[in-house]
Amino acid sequence: RKEVEQDPGPFNVPEGATVAFNCTYSNSASQSFFWYRQDCRKEPKLLMSVYSSGNEDGRFTAQLNRASQYISLLIRDSKLSDSATYLCVVNMQTNTGNQFYFGTGTSLTVIP
Amino acid sequence: DGGITQSPKYLFRKEGQNVTLSCEQNLNHDAMYWYRQDPGQGLRLIYYSQIVNDFQKGDIAEGYSVSREKKESFPLTVTSAQKNPTAFYLCASISRAGGGEQYFGPGTRLTVT
């Protein structure tokens, strides 16, 4: 079983739409959670960390449900510039250090 | 500006040759990581290092080697033993004192023919 699973999409939505991405993780010992954005042929860039209380950054809202081992990302009022692949990332502290596990990414295209 | 640099951006090699990818960071980060990304797949961990002179194998270490002689540098060698070396290679680092998020370099796209 994969450590982190995401729906690969693609999600094609019109400008202004609201879109939600989900992610599940398999190890209940996971400690930190993140959403990264990756543009085509570029490196991933941190979009936001995810906390149990939920957190919001402008049009983006992230939520963590530890009981269900589930992470979500909501994008409101989608812009053309939101088109990218969104990676769900989970972090665990092991006896050999911090390890990160990546989902395969969810592709979003915002259409004019 | 602080950050992570990887060079070169594109690299072409013939099969059977070893090649070394560079990763340098001036963020004073302790831990550094090497990942490989293939189309349609998530990032897969090759090697990581928590401190100088120490490193651990990741999930797909076979055919790769690393060194960590300096805190700032974590070069990756793709050896001829790696069966499918063509991929996008990403280097990342984190600060132990930070919030845990990784910072990535711009990547090196390696093509082996």
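Check the entry above for the structure.
For every chain, the first residue of the written sequence is number 1, and numbering continues from 1 along that sequence. Chain labels run from A onward and ligand labels from 1 onward, assigned in the order the entries are written. In keeping with the predicted nature of the model, local features appear solely for residues at pLDDT of at least 70, side-chain atom pairs appear and are counted solely at 80 or more, and the whole-chain, interface and lining totals rest on all residues. Hydrogens and water molecules were not included; the side-chain quantities draw on all heavy atoms of the structure.

1. Overview of the overall build of chain A
Stage number 1. Elements are defined by DSSP. Helices are runs of H or I of four residues or more, strands are runs of E of two residues or more, and each kind is numbered from the N terminus. Along chain A, the regular secondary structure elements total zero helices and eleven strands.
Stage number 2. In sequence order, the secondary structure elements of chain A are arranged as β-β-β-β-β-β-β-β-β-β-β.
Stage number 3. The globule rule is 2.2 Å times the number of residues to the power 0.38, and the radius of gyration it is compared with is taken over C-alpha atoms. For 112 residues, the compact-globule estimate of 2.2 N^0.38 gives 13 Å, and the C-alpha radius of gyration of chain A, at 14 Å, lies within 12% of that figure.
Stage number 4. Its C-alpha atoms give chain A principal-axis dimensions of roughly 50 × 30 × 25 Å.
Stage number 5. Two residues qualify as a contact provided that any one of their heavy atoms is within 4.5 Å of a heavy atom in the partner residue. The long-range share in chain A, meaning contacts at least 24 apart out of those at least 6 apart in sequence, stands at 56%.
Stage number 6. The method behind every accessible area is Shrake-Rupley, applied with a 1.4 Å probe, and residues are considered shielded solely by the protein chains displayed. Entry remark: accessible area of chain A is about 5,400 Å², with carbon and sulfur atoms responsible for 48%.
Stage number 7. Across chain A, the 10 positively charged side chains and the 10 negatively charged ones have centroids separated by 3 Å. Note on charges: Lys and Arg go in the positive column, Asp and Glu in the negative column, and His and the chain ends are not counted at all. By convention, the charge on Lys lies at NZ, on Arg at CZ, on Asp at CG and on Glu at CD.

2. Concerning the nonpolar core
Stage number 1. Side-chain atoms within 4.5 Å link the members of a nonpolar core, which is a set of buried Ala, Val, Leu, Ile, Met, Phe, Trp, Tyr and Cys residues. Burial classes: relative accessible area under 20% of the type maximum marks a residue as buried, over 50% as exposed, and values in between as partly exposed (1.4 Å probe, protein chains only). In this structure, Phe21, Trp35, Ile71, Leu73, Ile75, Tyr86 and Leu108 of chain A are the most contacted members of the largest nonpolar core, which totals 25 residues.
Stage number 2. Secondary structure elements with two or more residues in this core: β3 (19-25), β4 (32-38), β5 (44-50), β7 (60-65), β8 (70-75), β9 (84-94) and β11 (106-111) of chain A.
Stage number 3. By size, the runner-up hydrophobic cluster in this structure holds 21 residues, among which are Trp34, Ala87, Leu110 and Val112 of chain B.

3. Regarding the pattern of salt bridges
Opposite charge on two side chains allows them to pair when their charged atoms are near.
Residues and elements named next belong to chain A.
Stage number 1. Each reported salt bridge corresponds to a side-chain nitrogen of Lys or Arg within 4 Å of a carboxyl oxygen of Asp or Glu. Taken as a whole, this structure holds seven salt bridges over all chains when the rule is applied.
Stage number 2. Between arginine 37 and aspartate 39 there is a salt bridge, with the nearest N and O atoms lying 2.9 Å from each other.
Stage number 3. Look at arginine 37 and you get buried, because its relative accessible area is 19%.
Stage number 4. Here lysine 79 ties to aspartate 77 by a salt bridge, and the two come within 2.9 Å at their closest N and O atoms.
Stage number 5. On the basis of relative accessibility, which here comes to 33%, the residue lysine 79 falls in the partly exposed class.
Stage number 6. Taking the relative accessible area as the measure of exposure, aspartate 77 reaches 36% and is therefore partly exposed.

4. A look at the side chain of glutamine 102 of chain B
Stage number 1. Mapping glutamine 102 of chain B onto the fold places it in the loop between β9 (87-94) and β10 (103-104).
Stage number 2. As used in this structure description, the phrase polar contact means that two N or O atoms lie within 3.5 Å; if the pair is within protein, one of them must be able to donate a hydrogen and the other to accept it, and residues adjacent in sequence are counted only when both atoms belong to side chains. Here tyrosine 35 of chain B takes part through its side chain, which lies 2.9 Å from a polar atom of the side chain of glutamine 102 of chain B.
Stage number 3. Once residues within four sequence positions are removed from consideration, glutamine 102 of chain B is found in contact with Tyr36, Phe100 and Phe102 of chain A together with Tyr33, Tyr35, Ala92, Ser93 and Ile94 of chain B.

5. Observations regarding the state of the cysteines
All names here are of chain B.
Stage number 1. Only a pair of cysteine sulfur atoms within 2.5 Å counts as a disulfide in this structure description. Enumeration over the complete set of coordinates arrives at two disulfides over all chains.
Stage number 2. One disulfide in the model links cysteine 23 with cysteine 91; its S-S distance is 1.9 Å. Disulfide cysteine 23-cysteine 91: the torsion about the S-S bond is -75°, which places it as left-handed. Residue cysteine 23 is located in strand β3 (residues 19-25), and its partner cysteine 91 is located in strand β9; the two are separated by 68 residues in the primary sequence.

6. Comments concerning the interface of chain B and chain A
Stage number 1. On the side of chain A, 19 residues touch chain B, which itself brings 23 residues to the contact.
Stage number 2. Joining two parts hides part of their accessible area as seen by a 1.4 Å probe, and the buried area is that hidden amount summed over both. Summed over both sides, the interface between chain B and chain A buries roughly 1,700 Å², with carbon and sulfur atoms accounting for 54% of that surface.
Stage number 3. Counting across the chain B and chain A interface gives five residue pairs in polar contact (both at pLDDT 80 or more).
Stage number 4. Among the secondary structure elements, those contributing two or more residues to the side of chain B that touches chain A are β4 (31-37), β5 (44-49) and β9 of chain B.
Stage number 5. Under the scheme applied here, ten amino acids are nonpolar (Ala, Val, Leu, Ile, Met, Phe, Trp, Tyr, Cys and Pro), four are charged (Asp, Glu, Lys and Arg), and all others, including Gly, are polar. Partitioning the side of chain B that touches chain A into residue classes produces eleven nonpolar, ten polar and two charged.

7. Quick notes on the pairing of β5 of chain B
All names here are of chain B.
Stage number 1. Most of β5 is tucked away: five of the six residues are buried.
Stage number 2. Strand pairing is assigned whenever DSSP identifies at least 2 bridges connecting the two strands. Hairpin connection from β4 to β5: six residues lie between these consecutive antiparallel strands, with glycine 40 at a positive phi of about 75°.
Stage number 3. Note: β5 against strand β6 (residues 56-57), two bridges, orientation antiparallel. Looking at β6, one finds that tyrosine 48 is bridged to glutamine 56.

8. Digging into the side chain of asparagine 91 of chain A
All names here are of chain A.
Stage number 1. Tracing the chain through its elements places asparagine 91 in strand β9.
Stage number 2. Here the side chain of asparagine 91 touches glutamine 99 through a polar contact of 3.1 Å, landing on its backbone oxygen.
Stage number 3. Residue contacts for asparagine 91: discarding those within four places in its chain leaves Ser30, Gln31, Ser32, Phe34, Asn98, Gln99 and Phe100.

9. Comments concerning the sheet that holds β3 of chain A
Residues and elements named next belong to chain A.
Stage number 1. One open sheet accounts for five strands, arranged β1-β3-β8-β7-β6; its pairing is antiparallel. Single-partner strands in this sheet number two, and they are β1 (4-6) and β6 (55-57). Averaged over neighbouring strand pairs, the angle between their axes works out to 20° when direction is ignored.
Stage number 2. The sheet contact formed by β7 and β8 spans six bridges and is antiparallel. When the bridges of β8 are listed, alanine 62 appears paired with leucine 73. Note on definitions: angles span 0 to 180 degrees between N-to-C directions of axes, and those axes are lines fitted to C-alpha atoms, for helices only across the stretch in contact.

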